[in-house]
Amino acid sequence: MLKAHIAWEGLAQNVIEWRRQMHRHPELSHTEYWTTQFLYKTLSSFPNIDVLTPAPTGVIGILKGNLPGKTIAFRADIDALPVLEKNETTYSSEYAGVMHACGHDAHSAMLLGVASILSEYQDQLKGNIIFIFQRGEEMSPGGAKELVESGVLDQVDMFFGLHLLPALESGVIQIKKGIATANRDTFNIKISGKGGHSSMPHLSIDPTVAAADVVMALQTIVAREIDPRDSAVISVCSLLSGDGTTARLPDEATLCGTTRTFTADVRAHIKEAMERVCTYTSKSHRCTADVKFDEWDYSAIINDPDLCDLAAQAAKDYLGDAFFCFTESPMSVGEDFSEYQAIAPVCFAWLGVAQPSTENPPLHNACFAPDEAAFIHGVKYSIALAEMLVM
Ligand SMILES: [Zn+2]
Ligand SMILES: [Zn+2]
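One numbering rule holds for all chains: residues counted from 1, following each sequence as written. Labels are handed out in written order, letters beginning with A for the chains and numbers beginning with 1 for the ligands. With the structure being a predicted model, the display of local features is reserved for residues of pLDDT at least 70 and the display and counting of side-chain atom pairs for 80 or more, all residues being used for whole-chain, interface and lining totals. As a convention, hydrogens and water are excluded, and side-chain values are obtained from all of the structure's heavy atoms.

What about the environment of Ser 119?
Note the threshold: Comment: elements are numbered from the N terminus, with helices defined as DSSP H or I runs of at least four residues and strands as E runs of at least two. The contact definition used throughout considers only heavy atoms, calling two residues in contact when any of these lie within 4.5 Å. Residues adjacent in sequence count toward polar contacts only when both atoms are side-chain atoms; beyond that, a polar contact is any pair of N or O atoms within 3.5 Å, and within protein one must be able to donate a hydrogen and the other to accept it.
Secondary-structure assignment places Ser 119 in the loop between α3 (104-118) and β4 (126-134). Taking the C-alpha atoms as reference points, Ser 119 and Ala 109, ten residues apart in sequence, are found 15 Å from one another. Sequence-distant contacts of Ser 119, that is, excluding residues within four places in its chain, are made with Phe 46, Pro 47, Asn 48, Ile 49 and Leu 63. From its side chain, Ser 119 meets the backbone oxygen of Ala 115 in a polar contact 2.9 Å long. From its side chain, Ser 119 meets the backbone oxygen of Ser 116 in a polar contact 3.1 Å long.

Right under this line is the structure:
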């Protein structure tokens, strides 16, 4: 086994150091210029890897084996979020208002770690390994779609993704077979009435009251129309109406938010029901509603069961049985890793990064602080997969 020949401690230190450098320089979706340069330079310093930049930001590394075999791809995402970091460390974000609050810095650092090792074993490779450092995961339409459409990944036989999870014990790999994440849709609703003097509401058509009613009515869709054995989320995240004055009723109100569903049927039902509920609830207040869904939203990841079994074996081989588990519950997050399903089967896993005896704020929180000791487990898991599949 490769396992016995790798200097894991030094590698773990490298991964933590790469992650901290990226953590200091977080960049928003589709503007990851510093990150791209950093990844390009680091990846190019490893032997045998062809480094490509098929999109304006993001990097792809290709390690071609000398012997024929399958092509496997590992995907990391590279973008950060518009969050003002509250952690005070020596490697806190240097860009005010931008933070790696979803752990994509760690995903990229772990994948650099994997590439740094596997690039030394080209002569034993039966097939090819592609390292994807994908831009723009956090913002629709996402960077995966353009990579799929570019054709650069057409030869890939299977895709593997790994994401940090602060709710899971540090170092544990967790996989959900089949539906693993949610369909993520975003909506925008405009409710139109007629503005006027706030002392004479009978001469106006008040969109604020209609909007308030719509927010409540939308919640009845999940409660009353969705089979209790299925699940769904409708979250109104913003409601804008009026401009802060108290003398005037506004002409319109706007709401926006997101839905999460796990099957195509429920996804379609929710969209139809939202149109209906918004239209008729608004109508009952003499208003009109215009409901729009973003056309670029993400579909659910459907993990291939056979790949999941291979991944479980790989994790157990390198980490031991205690550090792997299957789960029955999909996550309600949206992930554009699902785009790669258009090319080949996929397996998306979670890596636990819960710090022992701390609160462990969730992903996207300004205090998100993963346990760095877990990162080497992510590296080991991916190297184990490569050894199993193409070595
Ligand atoms: Zn995220
Ligand atoms: Zn993420």
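A short note on the pattern of salt bridges
The line we're drawing: Criterion for a salt bridge: a side-chain nitrogen of Lys or Arg within 4 Å of a carboxyl oxygen of Asp or Glu. The classification of residues rests on relative accessible area computed with a 1.4 Å probe and restricted to protein chains. Under 20% of the type maximum is buried, over 50% is exposed, and intermediate values are partly exposed.
Scanning the model with the defined rule gives 19 salt bridges in all. We note a salt bridge from Glu 372 to Arg 20, for which the minimum N-O separation is 2.7 Å. Note that Glu 372 is positioned in the loop between β16 (346-354) and α8 (375-390) and Arg 20 in helix α1 (residues 8-24), a separation of 352 residues in sequence. For Glu 372, a relative accessible area of 12% puts it in the buried group. Lys 177 is the partner of Asp 309 in a salt bridge, and the nearest nitrogen-oxygen pair spans 2.8 Å. Linking Asp 309 in helix α7 (residues 305-319) with Lys 177 in the loop between β6 (173-175) and β7 (178-179), this pair joins segments that are 132 residues apart in sequence. You can call Lys 177 partly exposed: its relative accessible area is 33%.

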